[in-house]
Amino acid sequence: MKKILYILQKEFIQVFRNKTMLPLIFGMPILQLLVLVNAATLEMKSIDMYVVDKDLSSLSHKLINKFEGSPFYHVSGVSFSIDEANEAIEKNQADFIMHIPYGFERSLMRENSTQVQLLIDGINGTAASLINAYSSSVINSFNRNIIVDLTKMPQIKELNPIAVETSYWYNPELNYKIYMLPGILVILVTVISMFLAAMNIVREKEIGTIEQLNVTPIKKFEFIIGKLVPFLIIALFEMAFGLLIGKLLFDVPMVGSLGLLFGFTVVYLLVVLGIGLFISTISSTQQQVMFISFFFMLVFILMSGIFTPTESMPLWAQKVNIINPFYYFMRVIRMILLKGSGFWDISREFFSLLIYAIIILSLAVWRHRKVA
Amino acid sequence: MLKHTENIIEVKNLVKKFGNFVANDNLSFEVKKGEIFGFLGANGAGKTTSIKILSGLSFPTSGDVMVAGFDVYKEREKVKKNIGYMSQKFSLYEDLTVRENIRFYGGIYGLSGKYIKEKTESLIERLKMKDIQDSLIKSLPLGWKQKIAFSVAIFHNPKIVFLDEPTGGVDPITRRDFWEMIYEASDSGITVFVTTHYMDEAEYCDRVSIMDQGRIEGLDTPAELKKQFHAKNMDEVFLKIAR
């Protein structure tokens, strides 16, 4: 065991003596959290709308005003021609067209119903459905106002026999940032620890010191533990640092137990570092490590559920996620922080990762070769 | 000269192949306890391959290899406790200081903290390294790095030390200094197994073997080899064998 301490001592000296390492460890989290949490949002702001008003009635004006008055919309063009409007969509100058047909107001007066057409650019499906939802709610609220105006009756409950009262649990204001921050933090901690670990052993291979270590009687598991623990400590520190930033700058709620979160993080990091060390033992240059880890990282991140709920992925994708460490942590960090989940709520993820850690670390120890 | 009788390395019919290429072709030799054994050969003759097998870094394809009384196949970790190794790249950590390197290598050989401390002090004293003890390795000249790498390789008092072209790239005076250190180690009872392609260094060895294309073509004391090949010096011996 004492040998491991000597390796730890050496690794820490090397990390803190490396001039690019400290800015990376301290600077990167601040920068990434600030930039990404603010940038990676699904909230729609300043949606470009193109108005084709063929009715030019007071009612159609009221409807357009309703949209203009909303902070979410920006009228990027007005025309009588639907062709011109289509062109604007093709040139990416508008996100959707609101087409108010001739006879819009008259038909409402005579037949008590009328029509308006929304043509939405569907390239980005998520954005399109959000635009649809936003715009429909604007038009619905316009609807209710008309009824009040036309019938001169106060808005009474009978008009809405079944009232839907929505309340969003755990994130009542649907603040996207407090949902994104834990996700970004997961990526940050993972990237730093996996790369550091994977680069480390292969660096010793490149400069040749690994050979000197291999002629010593050091045991394989002592070597792997000696390489693992320093990065575990650095990553835990990184996690704490990121949470602090989240608390101070974004006021992320921390409903659950931080002790449980860090306990889970340790198990998670064992998996991530194990993968890093494993990649490192099968590679012989830093380039190889970069390519292999980049490939896995990209697939894992996109499938992790940071942007899209994993439950709505196809079944095979959900099966693939069994080996995706991000997937477990992405769920659990949000559950603990935002919902206050306890150990039994996350026990399935906890034990899955624990088994994963044992397997991948055994693989890394087994694959680490002292003899060629 | 001391009488060397006991075998500390025994190699019988050692073969190492890389695919179709035969790097070591049926080598058999013994190294006596306490001697300085020179392992000579041109670049690519198979010296490094053999030294890696002897120090447990590489598996032989076939043959029996005993080092310090242990089989390198079955008792590799026991072999490793008893040997020191210094490669061509003399693997010190460039971003650690002299002291930190010594402490690290001493530590992973399982030496006690107190022992490491005392021995480091006496080493720094003996090599006159007071001024550079806290300098990073990368800031030191090549000659110093070689001396420190050698000191690290024998820090745990191994029975044998393997030196793979330890004196590449330095001037004759620095090489001479280095050989003084080898003699000191030898005097303290450590068997020295050294590869080189400098023929003047061959003269410093008790016995030398000369390899060519994976085979040992000559093995004896430098004086005997010169007699055997009717040569004035080791240079001529070497040229006659390699041609």
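Everything numeric here is computed off the predicted structure, so don't read it as measured data.

Parameters at a glance
- Residues numbered from 1 in each chain as written.
- Chains lettered and ligands numbered in written order.
- Predicted model: local features only at pLDDT ≥ 70, side-chain atom pairs only at ≥ 80, totals over all residues.
- Helix = DSSP H or I, 4+ residues; strand = E, 2+ residues; numbered from the N terminus.
- Rg over C-alpha atoms; globule rule 2.2 N^0.38 Å.
- Buried ≥ 20, exposed ≤ 12 C-beta atoms within 10 Å, placed from the backbone.
- Contact = placed C-beta atoms within 7 Å.
- Domains from an automatic or database assignment.
- Nonpolar A, V, L, I, M, F, W, Y, C, P; charged D, E, K, R; others polar.
- Pairing = 2+ DSSP bridges.
- Axes fitted to C-alpha atoms, helices over the stretch in contact; angles between N-to-C directions.
- Core = buried A, V, L, I, M, F, W, Y, C linked by C-beta atoms within 7 Å.
- Expected span 1.5 Å × (residues − 1).
- Right-handed = clockwise from strand over helix to strand, strands pointing away.
- Parallel < 35°, antiparallel > 145°, perpendicular 65-115°, else oblique.
- Left-handed = near helix turned anticlockwise from the far one by under 90°.

Side note on the overall build of chain A
No. 1: When helices and strands are counted, chain A shows 14 helices and 4 strands.
No. 2: Here the C-alpha radius of gyration of chain A, 28 Å, is well above what a compact globule of 372 residues would show, namely 21 Å.
No. 3: Counting all 372 residues of chain A, 33% fall into the buried class.
No. 4: Taking the contacts inside chain A whose residues are at least 6 apart along the sequence as the reference set, 78% of them involve residues at least 24 apart.

A short note on the domain arrangement of chain A
No. 1: What the domain assignment lists for chain A is domain 1 (47-159) and domain 2 (173-367).
No. 2: Put simply, the middle of domain 1 of chain A and the middle of domain 2 of chain A, counted by C-alpha atoms, are 47 Å apart.

Section: the interface of chain B and chain A
No. 1: Counting residues at the interface gives 22 residues for chain B, matched by 18 residues for chain A.
No. 2: Of all the secondary structure elements, the ones that give two or more residues to the side of chain B that touches chain A are helix 2 (76-81), strand 6 (83-86) and helix 3 (98-108) of chain B.
No. 3: In terms of residue count, the dominant contributor to the side of chain B that touches chain A is helix 3 of chain B (4 residues).
No. 4: Residue composition of the side of chain B that touches chain A, by class: 9 nonpolar, 7 polar and 6 charged.

Describing the sheet that holds strand 8 (residues 191-196) of chain B
Residue and element names in this part refer to chain B.
No. 1: Spatial strand order, 6-7-8-3-9-10: 6 strands in an open sheet with mixed pairing. For this open sheet the edge positions go to strand 6 and strand 10 (215-220), each flanked by a neighbour on one side alone. Averaged over all neighbouring strand pairs, the angle between strand axes comes to 15 degrees, with direction disregarded.
No. 2: In this sheet, strand 10 lies alongside strand 9 (residues 207-212) in antiparallel orientation, the contact comprising 5 bridges. When the bridges of strand 10 are listed, V208 appears paired with D220.
No. 3: On top of the sheet, helix 5 (residues 142-153) reaches strand 6 and strand 7 (160-164); it is set at about 160 degrees to strand 6, its chief contact.
No. 4: Of the strands in this sheet, strand 3 (36-41), strand 9 and strand 10 touch helix 9 (residues 234-242), which is tilted by about 30 degrees from strand 9.

A look at the nonpolar core
No. 1: Judged by nonpolar contacts, the single largest core of 125 residues is most densely connected at Y268 and V271 of chain A together with I160, V161, F162, V192 and F193 of chain B.
No. 2: No other element matches helix 7 (residues 176-207) of chain A, which puts 15 residues into this core.
No. 3: Aside from chain neighbours lying at most four places away, what touches F193 of chain B is V31, F37, F39, I160, F162 and L163 of chain B.
No. 4: Listed in part, the 18 residues of the second largest apolar core include L63, A94, F96 and I100 of chain A.

What about unusual backbone geometry?
Glycine aside, the phi torsion of most residues is negative, and most peptide linkages are trans.
Residue and element names in this part refer to chain B.
No. 1: Residues other than glycine seldom take positive phi values, yet N26 does so here, at roughly 55 degrees.
No. 2: With respect to the helices and strands, N26 occurs in strand 2 (residues 21-32).
No. 3: Within the chain, E165 stands out as a residue other than glycine whose phi angle is a positive 45 degrees.
No. 4: A count of 22 C-beta atoms within 10 Å places E165 in the buried class.

Here we look at helix 11 (residues 286-303) of chain A
Residues and elements named next belong to chain A.
No. 1: For helix 11, which comprises 18 residues, the first-to-last C-alpha distance of 26 Å matches the rise-based estimate of 26 Å (1.5 Å per residue) to within 8%.
No. 2: Buried-residue contacts for helix 11 involve helix 7, helix 10 (258-282) and helix 13 (325-339).
No. 3: One or two positions beyond helix 11, positive phi appears at G305, with a value near 95 degrees.

Some words on the sheet that holds strand 1 (residues 47-53) of chain A
All names here are of chain A.
No. 1: Within the open sheet, the 4 strands sit side by side as 2-1-3-4. Their pairing is mixed. Looking at which strands have only one partner, the edges of the open sheet turn out to be strand 2 (73-79) and strand 4 (117-120). The mean inter-strand angle of the sheet, taken between neighbouring strand axes irrespective of direction, is 25 degrees.
No. 2: Pairing between strand 1 and strand 2: 6 bridges, direction parallel. Note on strand 2: the bridge partner recorded for D48 is H74.
No. 3: Across the sheet, helix 3 (residues 58-68) lies against strand 1, strand 2 and strand 3 (96-100), angled at about 175 degrees from strand 1, the strand it touches most.

Focus: helix 5 of chain B
Residue and element names in this part refer to chain B.
No. 1: With 12 residues, helix 5 extends 16 Å from end C-alpha to end C-alpha; this agrees with the ideal 16 Å at 1.5 Å per step.
No. 2: Of the residues making up helix 5, those classed as buried are Q146, K147, I148, A149, F150, S151, V152 and A153.
No. 3: At its buried positions, helix 5 is contacted by strand 6, helix 3, helix 4 (113-126), strand 7 and helix 6 (172-187).

What to know about the pairing of strand 7 of chain B
All names here are of chain B.
No. 1: With respect to burial, strand 7 is a largely interior element, 5 of its 5 residues being buried.
No. 2: Here strand 7 shows no split at all, with I160, F162 and D164 on one side and V161 and L163 on the other all buried.
No. 3: Looking at chain direction, strand 6 and strand 7 are connected through 4 bridges and run parallel. Within strand 7, the residue paired with Y85 across the bridge is F162.
No. 4: Considered for its hand, the β-α-β crossover made up of strand 7, helix 6 and strand 8 is right-handed.

Things to note about the environment of W366 of chain A
No. 1: Turning to its location among the elements, W366 of chain A is positioned in helix 14 (residues 347-367).
No. 2: When the C-alpha positions of W366 of chain A and F221 of chain A are compared, they lie 8.9 Å apart, and in sequence the two are 145 residues distant.

Description of the pairing of strand 1 (residues 7-18) of chain B
The two faces of the sheet receive side chains in turn, since in a regular strand these alternate between them.
Residue and element names in this part refer to chain B.
No. 1: Sheet topology note: the strand 1/strand 2 ladder contains 8 bridges and is antiparallel. Paired with K16 across the bridge in strand 2 is N24.
No. 2: Hairpin connection of strand 1 to strand 2: 2 residues between the antiparallel strands, including G19 at a positive phi of 65 degrees.
No. 3: Bridging between strand 1 and strand 4 (residues 62-67) involves 5 bridges; their strand directions are antiparallel. Looking at strand 4, one finds that E10 is bridged to M66.

Some details on the packing of helix 10 of chain A against helix 14 of chain A
Residues and elements named next belong to chain A.
No. 1: One way to put it is that helix 10 packs onto helix 14 with a least axis distance of 8 Å and a crossing angle of 25 degrees. Put simply, helix 10 runs roughly parallel to helix 14. For the crossing formed where helix 10 meets helix 14, the hand is left-handed. On helix 14, the residues touching F264, V267, Y268, L270, V271, G274, I275, L277, F278, T281 and I282 of helix 10 are F350, L353, L354, Y356, A357, I360, L361, L363, A364 and R367.
No. 2: Class assignment of the residues belonging to the contact of helix 10 with helix 14 gives a composition of 18 nonpolar, 2 polar and 1 charged.

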